[in-house]
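Chain residues, written in single-letter form:
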Amino acid sequence: MTRSWSRRTFLRTTGGSALALGIAGSPLLTGQAAAADEFTTLRAKWRTLILGEGFSPTAEPFRTKLTELGTRAGEYRSTMSPATGSLWPDLVWTDPEPDTDQESFGYSAKMNDSYARLSTMAQAYCQQGTGQTGNASLAAAVLTGLGHMYAQVYNEGRTRFGNWYNWQIGAPQTLLDICVLMYDQLSAAQIADYCAAVDHFVPDSAVANYTGTSTGANRVDLCRVLVLRGIVGGSSAKVALGRDALTPVFPYVTSGDGLYTDGSFIQHSSVPYTGSYGAVLLGGLGMLFSLLAGSSWAVTNSGRQIVFDAVENAWAPFLYNGLIMDGVSGRAISRSGSAPDHQRGHSILASIALLGQGASAAENARWRGLVKGWMQRDYYSPPMSNLSLGLTSLARLKAVQDDTSVAAIAEPTGHRLFSSMARATHRRPGWAASISMANKRITYYETGNGENLRGWHTGSGMLYWWGDTYANGQYSDAFWPTVDPYRLPGTTNSRKVLADAAGGDWGAPKPDVNWVGGATDGSRAAIGQYLRGLQSTLMAKKSWFCLDDSIVCLGAGIKCTDGTAVESVVENRNLGPTGTHALTVNGTVKPVSHPWSETLSGATWAHIGGMGGYVFPGGATVKALREERSGKWSDINRGGPTDAIARRYLTMWVDHGTDPTAGTYSYILMPGASTAQTSARAADTGWVQILANTDNQQGVRVPSLGFTGVNFWFGGTVGALTASAPCAVMITEKSDGTAVICVSDPMRMQTSLTLTWNRAVSSVTSKPPTVTGATTGSSLNLTFGDLSGTAGATQKITVQLG
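The paragraphs below set out a description of the structure included in this document. (Residues numbered from 1 in each chain as written. Predicted model: local features only at pLDDT ≥ 70, side-chain atom pairs only at ≥ 80, totals over all residues. Heavy atoms only, no water.)

1. Some remarks on the packing of helix α11 (residues 277–292) against helix α12 (residues 304–315)
Contact geometry of α11 with α12 gives a least axis separation of 12 Å together with a crossing angle of 140 degrees. Between α11 and α12, the crossing angle belongs to the class labelled oblique. Relative to α12, the crossing made by α11 is left-handed. From α11, G278, A279, L281, L282, L285 and F289 reach across to α12, where they touch R304, V307, F308, V311 and W315. (Axes fitted to C-alpha atoms, helices over the stretch in contact; angles between N-to-C directions. Helix = DSSP H or I, 4+ residues; strand = E, 2+ residues; numbered from the N terminus. Parallel < 35°, antiparallel > 145°, perpendicular 65-115°, else oblique. Left-handed = near helix turned anticlockwise from the far one by under 90°. Contact = heavy atoms within 4.5 Å.)

2. A closer look at empty space enclosed by the protein
The final tally for this structure, using the stated rule, is six cavities of 30 Å³ or more. Taken as a whole, the largest cavity encloses approximately 130 Å³ of empty space. Along its surface, the largest cavity is lined by 15 residues, and G327, G330, R423, Y445 and T458 are the ones closest to its centre. For the second largest cavity, the calculated volume is near 90 Å³. Taken together, I333, S334, N452, R454, G455, T458, W480, V483, P485, L488 and I636 make up the full set of residues lining the second largest cavity. Of the residues in the lining of the second largest cavity, the class split is six nonpolar, four polar and one charged. (1 Å grid on protein atoms, 1.4 Å probe; cavity = no way out; pocket = protein on both sides within 12 Å on 5 of 7 lines; lining within 4 Å. Points joined across faces, edges and corners; volume = space filled by probe spheres on them. Nonpolar A, V, L, I, M, F, W, Y, C, P; charged D, E, K, R; others polar.)

3. Examining the packing of aromatic side chains
As enumerated under the stated definition, the model contains 25 aromatic pairs in all. Put simply, the rings of Y464, W466, Y475, F479, W480 and Y649 pair up and form one aromatic cluster. Between the NZ or CZ atom of R487 and the centre of the ring of W653, over which it lies, the distance is 3.8 Å. Directly above the aromatic system of Y530 lies the positively charged group of K541, at a separation of 5.0 Å from the ring centroid. (Phe/Tyr/Trp six-rings, centres within 6.5 Å; stacked < 30°, edge-to-face > 60°. Lys NZ or Arg CZ within 6 Å of the ring centre and 35° of its normal.)

4. Some details on a negative patch on the surface
A surface patch of negative charge is lined by E97, D99, D101 and E103. For E97, a relative accessible area of 56% corresponds to the exposed category. (Patch = residues over 30% accessible without salt bridge, like charges linked within 9 Å, V, L, I, M, F, W, Y side chains within 5 Å. Areas by Shrake-Rupley, 256 points an atom, 1.4 Å probe, with all protein chains shown as cover. Salt bridge = Lys/Arg side-chain N within 4 Å of Asp/Glu carboxyl O. Lys, Arg positive; Asp, Glu negative; His and termini not counted. Charge placed at Lys NZ, Arg CZ, Asp CG, Glu CD. Buried < 20%, exposed > 50% of the residue type's maximum accessible area, 1.4 Å probe, protein only.)

5. Section: the sheet that holds strand β6 (residues 414–418)
Taken in spatial order, the four strands make up an open sheet running β6-β7-β8-β9, and their pairing is antiparallel. The strands lining the two open edges of the sheet, one partner per strand, are β6 and β9 (462–467). Across the sheet, the mean angle separating the axes of adjacent strands is 10 degrees when strand polarity is ignored. Where strand β7 (residues 423–428) and strand β8 (residues 431–436) come together, six bridges link them in antiparallel fashion. Across the sheet, the residue bridging to T425 is S434, located in β8. (Pairing = 2+ DSSP bridges.)

6. Details of the nonpolar core
L118, M121, Y154, M182, L291 and W480 are the most contacted members of the largest nonpolar core, which totals 220 residues. Formed by 25 residues, the second largest nonpolar core is a distinct cluster that contains V718, A725, A739 and W757. (Core = buried A, V, L, I, M, F, W, Y, C linked by side-chain atoms within 4.5 Å.)

7. Description of the environment of N637
Mapped onto the elements, N637 comes out in the loop between α17 (633–636) and β20 (645–658). Not counting the four nearest positions on each side in its chain, N637 is found in contact with S334, R335, G450, E451 and L453.

8. Topic: the sheet that holds strand β26 (residues 721–723)
Strand order in this open sheet of five strands is β25-β26-β29-β32-β31, and the pairing throughout is antiparallel. Every other strand in the sheet has two partners, leaving β25 (716–718) and β31 (771–775) as the edge strands with one partner each. The sheet shows a mean angle of 15 degrees between the axes of neighbouring strands, direction not considered. Of the strand pairs in this sheet, strand β29 (residues 753–757) and strand β32 (residues 780–784) are connected by five bridges, and their pairing is antiparallel. Counted as the bridge partner of L755 is L782 from β32.

9. Examining the packing of helix α6 (residues 136–152) against helix α8 (residues 188–201)
Taken N-terminus to C-terminus, the directions of α6 and α8 make an angle of 45 degrees; their axes are 11 Å apart at the nearest point. Compared by their axis directions, α6 and α8 come out oblique. The two elements α6 and α8 meet at a crossing, and its hand is left-handed. Of α8, the residues touching α6 (which contributes L146, G147 and Y150) are D193, Y194 and A197.

What follows is the structure, encoded as structure tokens:
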């Protein structure tokens, strides 16, 4: 359409520089005309980014998605009823007591949701194959809705209430997307009004400082608002501001929000968030890089490479068969879905595919191979059948799937220790595991916005694991609303009853402990957690020694005065709605009926059919339970569905009794092992030697692997190792006569450390600068300097054995 631009409107959208200076017809206006052409190009690019490209509207799953989009849009149009305080009767945003409490959060969310419905209508109008494409009455309804929202709630005269996010990120992002889609139907005055509203709620000062709610993923979202505001309103300055405000997102951080050199990603100061906020950051940067590429505002900051490196340094370790591990998804685990961890993972795969377009050819090719592999292996929730995934993401994934030049890459293997966010992943051929811990820097769990109300113990040593062709729905299939939150697998907990959201919102509760972390050579690891219970007197020392086909789990010094039982959970398998997986203990198959329970005295091994095995060195008394548990998503997330769900569970735990003073446990987890393999491992009593399992040290030796791992909670001697101070040590003796010694300071407090290995060593062949002295001979004596600044990172030394 032909626009009639008033002087007032022109001044509002350009800053009035040309006319105010009286230089109409000057080279400056020529430059502005060129900028206007560039804004047109950028609007077209953004349309493509939000609508998708390269797919057939008649092919599945696109045909179904487009039909559903058109149906929803039609429903929204027919039910839209502009009134004071609402655009739809079920989305009243008028807050009788506007402030920032939970109730006000709900009202601001309804304002945000109203824009989301208008966006659905706009997409159906612009998108091919919806049955609403080009529908004039639908377009008119969108414009009516935008005008009503501006007049009523989202304008430059309004003071925000409720959740800041809805005003600064949610609503303006959606509003600007709609403005791009409906740009030719909007008048200059309307564009000016909507830009003025965005300027009011997202002023330049929103990115003036890298702090508060303007960091990490939130900063990327705010930059997207500013860039789109500039493109819609024709302001080069806004686009440049949004681009330049990305700068503090790129560098590695050493505290607070952002990416760390070890691959950790933190949001909200203390929450591991690779799978949620991290996904937003990855997707947002991918879109902005792609949008601005080749323009006057291209993102050329060299820090971009840190983001590219993070694909495999930060995200890939937590992606498995298409899912993203729940241990790095914060409160998002409480959000309902048919397979929420897979759904979040699929979005990340699509973001990686998009980000690759701005990376090097080699990086892009490798990432596409990784994405294709993850897609092909996701038997539980195939990405192309994920109807919760947007059209654009589906189109990107379909392009990778159909690209015959791309060969699928196998799952990465190895061990990754993320000391900066108290997480670890152990990936072996055929299975993967992840450990979640907490310390004085990393919260037990995050709750907020009424979400994740019972995630209390997810940081108490939860041990997740998945198989290559089995158990990929373990945490996907209504696990979180139905599992006993006091019996999460791998954790040690007091049965003390906790209130919903105990400890406070936004990652507030953190244990006052330092020793959390470990040492790894990239294949194996020695990991430990000094555990203090949430709002509990519970204390424990927990260790995991991650090996080739198993994880050796030790617990010691378990004590509590809560007046309640204390348990260490060996396993809590979600068997689905009808599962009857066999439990075999010491060769005897136990009943498959439920409810069933038994105290398994003298258990040396157990096996869950189709899952894996558990070995109890020296024998143990273990309690076992089959039960059907019911729950509702709304129990753990106030905005979740209220219908009841039931799932069957098979649980094994060590009961330390009420108020234990020195509880212990030891077991070996063998994912994917058969009954015969589990039995054989139990019969091989010398396979693992438990060197120590006390409140002072925990350590094991596996002679067949040449492996020794010791967590020194205090200095002392364990087997052939003596340490002068707390540390984690892992040694691998190799068949070629060499050995690798890995040492770390999980406490980040040691200014000096001496480690003696009572083993003949002829020479030290490599060592880091932190090693200030090394004496060889009949034993090896290593002297370390200040380790407090190493952030718990592993110090690797290689030696020639004598």
